[in-house]
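# Examination of the molecular architecture
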Amino acid sequence: MRIFTAALATETNTFSPICVDRRAFEASLYAPPGQHPETPTLCTAPITVGRRVTAEKGWELIEGTAAWADPAGLVNRQAYEGLRDEILDQLRAAMPVDAVVMGLHGAMVAAGYEDTEGDLLTRMRDIVGPDVLICAELDPHSHLTRKRLEALNFAVYFKEFPHTDFVDRAEDLWRIAVDALEGRVNPVNSVFDCRMIDVFPTSRDPMRSFVDKIMRIERQDPEILSISVIHGFMVGDVPEMGTKLLVVTDDNPQKGAALARELGMELFSKRGTFMMPQIDEKEAVSRAMAAKSWPVVIADVWDNPGGGTAGDATVVLEELLARGVESAAVGTIWDPIAVQICFAAGQGAEIPLRFGAKSAPGTGNPVDGTVRVVKLVKNAEMQFGESLAPFGDAAHIVLNGINIILNSTRAQSFDPSLFSVMGIDPTKQKILVIKSTNHFFASFSKIAAEILYCSAGTPYPNNPATTRYRRAPKTIWPIVADPHGTERGAA
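Residues numbered from 1 in each chain as written. Predicted model: local features only at pLDDT ≥ 70, side-chain atom pairs only at ≥ 80, totals over all residues. Heavy atoms only, no water.

For the rest of this paragraph, the subject is the overall build of the protein. On a plain count of helices and strands, the protein comes out with 13 helices and 17 strands. Relative to the compact-globule value of 23 Å for 491 residues, the protein shows a C-alpha radius of gyration of 23 Å, a close match. Principal axes of the C-alpha set define a box for the protein whose edges measure 65 × 55 × 40 Å. Each of the 491 residues in the protein was classed as buried or not, and the buried ones make up 62%. Taken as a whole, the protein presents about 18,100 Å² of accessible surface, with 49% of it coming from carbon and sulfur. Across the protein, the 48 positively charged side chains and the 62 negatively charged ones have centroids separated by 3 Å. (Helix = DSSP H or I, 4+ residues; strand = E, 2+ residues; numbered from the N terminus. Rg over C-alpha atoms; globule rule 2.2 N^0.38 Å. Buried < 20%, exposed > 50% of the residue type's maximum accessible area, 1.4 Å probe, protein only. Areas by Shrake-Rupley, 256 points an atom, 1.4 Å probe, with all protein chains shown as cover. Lys, Arg positive; Asp, Glu negative; His and termini not counted. Charge placed at Lys NZ, Arg CZ, Asp CG, Glu CD.)

The residues that UniProt annotates with the feature "domain: Microcystin LR degradation protein MlrC N-terminal" (unreviewed entry) are residues 2-289. The straight-line gap between the two end C-alpha atoms of residues 2-289 is 60 Å; of that span, 39% is helix and 20% is strand. (UniProt positions renumbered as here; feature names shortened; annotations may be inferred.)

On the basis of which strands lie adjacent, the open sheet formed by three strands has the order β7-β9-β8 and antiparallel pairing. In this open sheet, the two strands that pair with only one neighbour each are β7 (187-193) and β8 (224-230). Between one strand and the next, the sheet's axes are offset by a mean angle of 15°, whatever the strand orientation. Two elements, β7 and strand β9 (residues 244-250), share seven bridges in a ladder whose sense is antiparallel. Directly across from Phe192, in β9, lies its bridge partner Leu245. (Pairing = 2+ DSSP bridges. Axes fitted to C-alpha atoms, helices over the stretch in contact; angles between N-to-C directions.)

Attention now goes to the layout of surface pockets. When its volume is computed, the largest pocket comes out at roughly 640 Å³. For the largest pocket, the lining is made up of 40 residues, of which Leu42, Gly306, Gln412, Phe414 and His439 are closest to its centre. Only β13 (367-384) and β14 (387-399) provide two or more residues apiece to the lining of the largest pocket. At four residues, the largest contribution of residues to the lining of the largest pocket is made by β14. Classifying every residue of the lining of the largest pocket by side-chain character gives 20 nonpolar, 15 polar and five charged. Of the voids in this model, the second largest pocket is the one considered here, and its volume is about 290 Å³. Along the wall of the second largest pocket there are 14 residues; nearest its centre are Cys19, Asp21, Arg23, Ala24 and Ala27. Top element by residues in the lining of the second largest pocket is helix α1 (residues 22-28). It accounts for four residues. Of the residues belonging to the lining of the second largest pocket, the class tally is seven nonpolar, three polar and four charged. (1 Å grid on protein atoms, 1.4 Å probe; cavity = no way out; pocket = protein on both sides within 12 Å on 5 of 7 lines; lining within 4 Å. Points joined across faces, edges and corners; volume = space filled by probe spheres on them. Nonpolar A, V, L, I, M, F, W, Y, C, P; charged D, E, K, R; others polar.)

Alternating positions in strand β6 (residues 154-157) separate into two faces, Phe154 and Val156 on one and Ala155 and Tyr157 on the other, with burial throughout. In this sheet, β6 lies alongside strand β5 (residues 133-138) in parallel orientation, the contact comprising four bridges. Following the sheet pairing, Glu137 is matched in β6 by Val156.

Judged by pairing direction, the sheet is mixed, and its eight strands sit side by side in the order β12-β13-β14-β15-β11-β16-β10-β17 without closing on themselves. Two strands bound the open sheet, and with one partner strand each, they are β12 (350-355) and β17 (450-454). The sheet shows a mean angle of 30° between the axes of neighbouring strands, direction not considered. Sheet topology note: the strand β11 (residues 328-334)/strand β16 (residues 431-434) ladder contains four bridges and is parallel. When the bridges of β16 are listed, Ala328 appears paired with Ile431. Packed onto the sheet, helix α11 (residues 336-345) meets β11, β12, β13, β14 and β15 (402-407) and runs at close to 170° relative to β12. (Contact = heavy atoms within 4.5 Å.)

On to the nonpolar core, then. Within the largest apolar cluster, 118 residues are counted, with the highest numbers of intra-cluster contacts made by Phe4 and Met124. Among the elements that take part in this core, helix α6 (residues 166-181) stands out by supplying nine residues, more than any other. Among residues more than four places away in sequence, those in contact with Met124 are Phe4, Ile87, Leu88, Leu91, Val100, Met102 and Ile134. The next biggest cluster of nonpolar side chains, apart from the first, holds 37 residues, and it includes Leu317, Phe355, Leu376 and Val433. (Core = buried A, V, L, I, M, F, W, Y, C linked by side-chain atoms within 4.5 Å.)

Next up on the list: the packing of helix α7 (residues 207-220) against helix α8 (residues 253-269). Packing of α7 against α8 leaves a shortest axis separation of 12 Å and a crossing angle of 170°. On the basis of the axis angle, α7 is roughly antiparallel to α8. Along the contact surface, α7 presents Met207, Phe210, Lys213, Ile214 and Ile217, while α8 presents Leu259, Leu263, Glu266 and Leu267. Across the contact of α7 with α8, the residue classes tally to seven nonpolar, no polar and two charged. (Parallel < 35°, antiparallel > 145°, perpendicular 65-115°, else oblique.)

This is the structure in structure tokens:
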């Protein structure tokens, strides 16, 4: 068997002012054929798992380019087309192949392309023809489109949010692909549109129990090859945005459709109950200051670079400064210019500095003060599960007793190693302020005495009922109250 594999991924917040060009991919991950490291990134696990699987089978794996950019706004047209065509040319050169196994995100939007993954997969299908297996692993914060379903034999999505299972799901992808190539199964997709958009953290109920349930069904029923919840991505203003249920069966589309509908309506019945309760910055700081055990983690959930924001909001920091808090650390505030100034000044310098809140309205005000430059790190990285997440050249500064990390490559706060690599012991701080919606939970929950979910400012349009969509469907909850007609008994 000859199998081609590659990865092209980012998550596009179409409301974000931060555009993505080729340099953004190169800053996060750009690995030409054969140069992907042994450790996978979020959307490239099909490559690293594929190396092991094909070696065990004695098959040939032809690797294409792997590219990932941290979430932001629209992808530059030339950047997308250049990376797309690079991978397509590699596929043409690899022909004939028996299968194509891709690592994708599923929420990329480029200038001129609302459905980049659909465009890429359709072009791949045109190259390999109708009989070659094409499959992909994707992030659930994405859009499942008609074009993708027409091009794919099957897809597997991460189940967990935080996405701690991207390697496990790549194992599932390859297991199904191997069984299909050796003639044991015939994967068939069945989809149900939940007609909703919500946030589904699996670190708490009801989503925790729901994911446990679908994994139990997969284990107990050999005809069910995979079940995925495509959460949707509420700041992707595209025509097929929304939550969907995908069931992959062994050649039983009727069974798959019935199960997808049953599970999808179960999700719909719990709409609005999944997301953790949130408080504003004033209550968050008050509660953290009153705590009796530490550290207290304040998660600035909507200034999350993992959702495409800049990550430069200062709303929580301004509250800490106003209240005279000293035993606190903030990680991070994205400000490449301020980082450059700190590097020019050098470690130990005391300098006047303005930083933060440059990207958009609703992110607070730039902070001014005399800061001490404590530590400078080139090409800083933090842990994220089995991989490393870069946050670029970074500076640890202190302002009025508060430790602050300034970074030059946008990245959400995945892991406490974000602080320790910058010379801050996170366990010795009373308050840790981080920028993440829920990916932080798996690691920070191990050290936190308490976690407070804080909605501060308006860097992210987080209420679909009031978001000014132009392209997204208007027939989904909460834009409309009851799109399935369940209250009339018409479901």
